[in-house]
Amino acid sequence: DTEVTQTPKHLVMGMTNKKSLKCEQHMGHRAMYWYKQKAKKPPELMFVYSYEKLSINESVPSRFSPECPNSSLLNLHLHALQPEDSALYLCASSRLRVNTEAFFGQGTRLTVV
Amino acid sequence: GNSVTQMEGPVTLSEEAFLTINCTYTATGYPSLFWYVQYPGEGLQLLLKATKADDKGSNKGFEATYRKETTSFHLEKGSVQVSDSAVYFCALYSSNTGKLIFGQGTTLQVKP
């Protein structure tokens, strides 16, 4: 199984809503990532978890709150988002080794209205 | 800091043409280099990788060689197909930073 599964595939939310994005992998990877991708742009790193602990936060606004409940799951909690937060949110995972590749999910297409 | 620079797109080719997408990088230490492909409406798929100088990554007819002397990792394919139409991202992973960073992406359109 080399899949990273993200749910939901599409999400429309209002600026006062609270929602969560979910990501799951069963490859035994101990590093997990959230990226944000705007149209026609490369993915931008948001957060990195290593051994279920947050190791990198790329100065992401607090309206995005990551959570790693166990080694297979990664959540991104969303609250009070702005229309400019509309994007494709990608989850990825990798082994915690030098020179290892990251595996990406299909992404959640988020629209904030 | 670390960075990746890709050639500007879009690149438009006829089927069976030769493809080159240029990628150069700036990094300290010994990064790993990757090419990812993104089809419309999808996530990123790893196309190939190279982890040290002079390594050649290859997959599905695509190749790229890690050239430390020119800090390059150009993607090539001898004969493209319509199904190769996608956005291609060159990426670098540095153990110094623990981050995977991407170039700007190059859109490839292959016409029958």
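Heads up: the structure comes first, above all this text.
Here goes a summary of the coordinates provided. (Residues numbered from 1 in each chain as written. Chains lettered and ligands numbered in written order. Predicted model: local features only at pLDDT ≥ 70, side-chain atom pairs only at ≥ 80, totals over all residues. Heavy atoms only, no water.)

Another aspect to go through is the overall build of chain A. A tally of helices and strands in chain A yields zero helices and eleven strands. Along the longest, intermediate and shortest principal axes, the C-alpha atoms of chain A span 40 × 25 × 20 Å. The 113 residues of chain A split such that 48% are buried. Of all intrachain contacts in chain A linking residues separated by at least 6 positions in sequence, the fraction that spans at least 24 positions is 53%. (Helix = DSSP H or I, 4+ residues; strand = E, 2+ residues; numbered from the N terminus. Buried < 20%, exposed > 50% of the residue type's maximum accessible area, 1.4 Å probe, protein only. Contact = heavy atoms within 4.5 Å.)

Now for the packing of aromatic side chains. Going through the model one piece at a time under the given rule, you end up with eleven aromatic pairs over all chains. Measuring from centroid to centroid gives 6.1 Å for A:Phe104 and B:Phe102, while their planes differ by 65°, and the two rings are edge-to-face. With one member in each of two chains, A:Phe104 in strand S10 (residues 103-104) and B:Phe102 in strand S11 (residues 99-102) form a pair that bridges those chains. Given a relative accessible area of 10%, B:Phe102 falls into the buried group. Here the aromatic rings of B:Phe62 and B:Tyr88 are separated by 5.7 Å at their centres, their planes lie at 40°, and the arrangement is tilted. Taken as a pair, B:Phe62 in strand S8 (residues 62-65) and B:Tyr88 in strand S10 (residues 86-94) lie far apart in primary sequence, 26 residues in all. B:Tyr88 shares its class with B:Phe62; the two are buried. One aromatic cluster in this structure is built from A:Tyr33, A:Tyr35, A:Phe104, B:Phe34, B:Tyr36, B:Phe89 and B:Phe102. (Phe/Tyr/Trp six-rings, centres within 6.5 Å; stacked < 30°, edge-to-face > 60°.)

Right, let's talk about the sheet that holds strand S7 (residues 56-59) of chain B for a bit. Adjacent strands of a sheet pair through backbone hydrogen bonds, lying either parallel or antiparallel. Residue and element names in this part refer to chain B. Sheet architecture is open: four strands sit in the order S3-S9-S8-S7, paired in antiparallel fashion. Each edge of the sheet is formed by a strand with only one pairing partner; in this case those strands are strand S3 (19-21) and S7. Averaged over all pairs of adjacent strands, the angle between their axes in this sheet comes to 15°, without regard to strand direction. Direction of pairing for S8 relative to strand S9 (residues 75-77): antiparallel, over a ladder of three bridges. Bridge assignment links Ala64 to a residue of S9, and that residue is Leu75. (Pairing = 2+ DSSP bridges. Axes fitted to C-alpha atoms, helices over the stretch in contact; angles between N-to-C directions.)

Next up on the list: the state of the cysteines. Within this structure, the stated rule accounts for two disulfides over all chains. Here A:Cys23 pairs with A:Cys91 through a disulfide, and the sulfurs are 1.9 Å apart. What sets the handedness of the A:Cys23 and A:Cys91 disulfide is the S-S torsion sign, and at about -70° it is left-handed. Here A:Cys23, found in strand S3 (residues 18-25), pairs with A:Cys91, found in strand S9 (residues 87-94); they are 68 residues apart in sequence, far enough to count as distant. Residue B:Cys23 pairs covalently with B:Cys90 via a disulfide, S to S 2.0 Å. Judged by the sign of its S-S torsion, about -70°, the cystine formed by B:Cys23 and B:Cys90 is left-handed. On the criterion of sequence distance, the pair formed by B:Cys23 in strand S4 (residues 23-26) and B:Cys90 in strand S10 is long-range, its members being 67 residues apart. (Disulfide = S-S within 2.5 Å.)

In short, geometric facts, not functional conclusions.
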